[in-house]
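One letter stands for each residue in the lines below.
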Amino acid sequence: MSLITRRTRVAAAAMATAAMVALAGCSSDDSNEEENSSTESESPAEEQPGDDEETGGDAFGGASADEIADQAFDALMGADSLRMVGDIDQAGEQMGIDLHLSRDGDCAGSISMSSQGSFEIIKLGDEAWLRPDTQFWQTAAGISDQEILGQLDGFFLYGPANEEPMNSSVESCNLESFLSEMGPGASATGMTLGDPTEVDGTPVVTLNEGEDATILVASEGEPFPLRIENRDATTGAGTIDFSAFNEPVPSDRPSDAEVITIEDLQSGAFLG
């Protein structure tokens, strides 16, 4: 039995991809960078129109919008852990995510899909726990018996993280894999500055990529991207917030009274 189907894993990956489209998708090739560099070098700085509108001010030492986007990408790629929270509409599929992730592969949080239900997930070291809702037990695990569903309600399924079905379930938990999917990146181009604002009390610089995406980058401390808004329905419209950079993943484990093992599930020993 596989608790998380390939469709669910792909959807979770699609959420991450949609969230990062502004950072990963605003790159240019080297020839364009060389052309831009050449053009800028031919014009004295005082003769460039609109310079004040395209630089980040004192917070970023006068860096351009593209340079700030590059700094945000580099800061994100250097994070050892983070929290990712958001909602995405992917071709009519409503998806929600709230995950703390680390490069060690630990995670804690929840993922939901309107067509399949939701589940809580915890992975710490070589252990993993899943708590699906009733809809997810039905759609992903194929359980239709109402008595069994009632008995499973509220329980975490526990098992080794490197064995089925848990190994496929925790694939969305690894920050290293998530960041690797973004690739090495390239210099941003075409970003423009919007109005300064705040995200949860932290001052941010607003970067716009045309009309489709906005990145809000912390202007105090490390230039982490704190919010990414995507308005392109083809890649998944929605908003993702990033926080808890380099903080430990919550390590609370479910109590024994909340847990059934894979063996219990397979044998039916959990049935009262």
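Heads up: the structure comes first, above all this text.
Let me begin by describing the structure that accompanies this report. A quick note: this is a predicted structure, and the numbers were derived from the prediction, not measured.

Thresholds applied
- Residues numbered from 1 in each chain as written.
- Predicted model: local features only at pLDDT ≥ 70, side-chain atom pairs only at ≥ 80, totals over all residues.
- Heavy atoms only, no water.
- Disulfide = S-S within 2.5 Å.
- Helix = DSSP H or I, 4+ residues; strand = E, 2+ residues; numbered from the N terminus.
- Buried < 20%, exposed > 50% of the residue type's maximum accessible area, 1.4 Å probe, protein only.
- Core = buried A, V, L, I, M, F, W, Y, C linked by side-chain atoms within 4.5 Å.
- Contact = heavy atoms within 4.5 Å.
- Phe/Tyr/Trp six-rings, centres within 6.5 Å; stacked < 30°, edge-to-face > 60°.
- Salt bridge = Lys/Arg side-chain N within 4 Å of Asp/Glu carboxyl O.

A look at the state of the cysteines
Consideration 1: Applying the stated rule across the entire model yields one disulfide.
Consideration 2: Note on cysteine connectivity: C107 is disulfide-linked to C173, with sulfurs 1.7 Å apart. Here C107, found in strand β3 (residues 107–113), pairs with C173, found in the loop between α7 (166–169) and α8 (175–181); they are 66 residues apart in sequence, far enough to count as distant.
Consideration 3: Among the residues examined, C173 registers a relative accessible area of 0% and is labelled buried.

Remarks on the nonpolar core
Consideration 1: Among the nonpolar cores identified, the biggest contains 59 residues, and I68, L82, M84, I121, W137, L207 and F245 are the most heavily contacted of them.
Consideration 2: Tallying contributions element by element places helix α4 (residues 65–77) first for this core, with six residues.
Consideration 3: Every residue in contact with L82, bar those within four places of it in the chain, is listed here: L76, L99, H100, L101, L175, F242, S243, A244 and F245.

Some details on the packing of aromatic side chains
Consideration 1: For the coordinates displayed, the defined rule picks out three aromatic pairs.
Consideration 2: Where F119 meets F136, the ring centres are 4.9 Å apart and the plane angle is 50°; that geometry is what we call tilted. Residue F119 is found in strand β4 (residues 117–124), and its partner F136 is found in helix α5 (residues 134–141); the two are separated by 17 residues along the sequence.
Consideration 3: Owing to a relative accessible area of 3%, F119 belongs among the buried residues under this scheme.

Re the environment of F178
Consideration 1: You can see F178 is positioned in helix α8.
Consideration 2: Accessibility expressed as a relative area gives 10% for F178, which makes it buried.
Consideration 3: Residues F178 and M77 lie 101 residues apart in sequence; the distance between their C-alpha atoms is 9.9 Å.

Here's the deal with unusual backbone geometry
Consideration 1: You will see that D200, though not glycine, has its phi angle at about 50°, which is positive.
Consideration 2: Examined against the element boundaries, D200 turns out to sit in the loop between β8 (197–199) and β9 (202–209).
Consideration 3: According to the relative accessible area criterion, D200 is exposed, its value standing at 70%.
Consideration 4: Phi angles above zero are rare outside glycine, and A244 is one such case at about 50°.
Consideration 5: Residue placement: A244 occurs in the loop between β12 (237–243) and β13 (259–261).

Some points on the pattern of salt bridges
Consideration 1: Scanning all chains against the criterion turns up eight salt bridges.
Consideration 2: Across the salt bridge formed by D80 and R103, the nearest N and O atoms sit 3.8 Å from each other. Of this pair, D80 sits in the loop between α4 and β1 (81–90) while R103 sits in the loop between β2 (93–102) and β3; the two residues are 23 residues apart in sequence, bridging distant segments of the chain.
Consideration 3: Using a relative accessible area of 22% as the deciding quantity, one classes R103 as partly exposed.
Consideration 4: The shortest N-O distance in the salt bridge between E120 and R131 comes to 3.2 Å. You can see E120 sitting in strand β4 and its partner R131 sitting in strand β5 (residues 127–132), a full eleven residues away along the chain.
Consideration 5: Under the relative-accessibility criterion, E120 is labelled partly exposed at 33%.
Consideration 6: The network of salt bridges with shared partners includes D80, R103 and E176.

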